[in-house]
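Tertiary structure, described
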Amino acid sequence: NDIKSVVIFNDHCVDSTIFKYLREKLNFKLIFIQHAQPGKFFPKPDFDISLLDSENAMDIYKSSPSKRIKLLGHVNTKNLIKCRKSFSKKILGLAINMSDDLTNLLNNMSHFCQINNISSLKIKLHPAIKTPPDNLIRDFDIKINFVDNLIDFLTDVDILIAGESSILVEGIIAEKLCVYHNFTKNTFHDLYGFRDKDMFLTYYDFIKNYE
């Protein structure tokens, strides 16, 4: 066995479980680097070394700094800082993931764009969504630009709208106006504790004050 260590970025998928099994058989160190915000249903880290991005992550995991658990900071911080620019409110970005109630979300966003004469919208789909939902294009009478890369997306937009998604935390680092919508499936209610902590501008406050 020539494997000395393995680094993974996801602690709640099948691959991670497989590596935990192989670790016992092949005797290598398993290192976890946090790639996104953990939620209240995430398993507690069980790795030789866990590199977390913040004290908030440690609170959720119910962990404390040790030889096995260290604070690294957000892995994308340097790139996210480069996304900062003068705020203009001109470019609107919508991040969509599998926790969204797409029917309600798209109906509300379409109406908002129409009454505010917004002619274009940038959309980032979660990597697990391989193709845009049909109604995403059909229901919008505006130009939609899909942006796959996170840094490109946050570089372009001024306002970021998302639901139960850790992209909102990345948007804060990039100094975007971050708007938290509640058009999500019930099973994903406040997955990251954003509502309890009152961290972002709510969608209804945003549309009420948008000019």
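Scoring rules and cut-offs
- Residues numbered from 1 in each chain as written.
- Predicted model: local features only at pLDDT ≥ 70, side-chain atom pairs only at ≥ 80, totals over all residues.
- Heavy atoms only, no water.
- Helix = DSSP H or I, 4+ residues; strand = E, 2+ residues; numbered from the N terminus.
- Expected span 1.5 Å × (residues − 1).
- Buried < 20%, exposed > 50% of the residue type's maximum accessible area, 1.4 Å probe, protein only.
- Pairing = 2+ DSSP bridges.
- Right-handed = clockwise from strand over helix to strand, strands pointing away.
- Contact = heavy atoms within 4.5 Å.
- Axes fitted to C-alpha atoms, helices over the stretch in contact; angles between N-to-C directions.
- Salt bridge = Lys/Arg side-chain N within 4 Å of Asp/Glu carboxyl O.

1. Remarks on helix α1 (residues 14-26)
With 13 residues, α1 extends 18 Å between its outermost C-alpha atoms, agreeing within 8% with the 18 Å of an ideal straight helix rising 1.5 Å per residue. Trailing α1 by a residue or two, N27 shows a phi angle of about 60°, which is positive.

2. Observations regarding the pairing of strand β1 (residues 5-8)
Alternating residues of β1 divide into V6 and I8, all buried, and S5 and V7, none buried. As judged from the four bridges shared by β1 and strand β2 (residues 29-33), these two strands associate in the parallel manner. For I8, the partnering residue across the bridge sits in β2 and is F32. Each parallel crossover has a hand, and for β1 linked through α1 to β2 it is right-handed.

3. So, the sheet that holds strand β7 (residues 143-146)
Pairing within the open sheet is parallel, and its six strands lie in the order β7-β6-β5-β8-β9-β10. Sheet topology places β7 and β10 (201-202) at the edges, where each strand pairs with a single neighbour. Taken together, the four bridges between strand β5 (residues 92-96) and strand β6 (residues 120-125) define a ladder with parallel strand orientation. If you follow I96 over to β6, its bridge partner there is L125. Against the sheet, helix α4 (residues 102-115) makes contact with β5, β6 and β8 (159-162), and its axis sits at roughly 175° relative to β5, the strand it touches most.

4. Digging into the pattern of salt bridges
Two side chains carrying opposite charge are able to pair once their charged atoms lie near each other. The full count for this structure, using the stated rule, is eight salt bridges. A salt bridge links R23 to D46; the shortest N-O distance between them is 4.0 Å. Residue R23 is located in helix α1, and its partner D46 is located in the loop between β2 and β3 (49-52); the two are separated by 23 residues in the primary sequence. Assessed through its relative accessible area of 11%, R23 is described here as buried. Each of the salt bridges in this network shares a partner with another, and the network as a whole consists of R23, E24, D46, D48 and R68.

5. Re the sheet that holds β1
Strand pairs in the sheet, formed through backbone hydrogen bonds, run parallel or antiparallel to each other. With parallel pairing, the four strands of this open sheet are ordered in space as β1-β2-β3-β4. Only two strands of the sheet have a single partner each, and these edge strands are β1 and β4 (69-71). For this sheet the average axis-to-axis angle between neighbouring strands, irrespective of direction, equals 20°. Here three bridges tie β2 to β3, and the two strands are oriented parallel to one another. Residue pairing for β3: I31 is matched across the bridge by I49.

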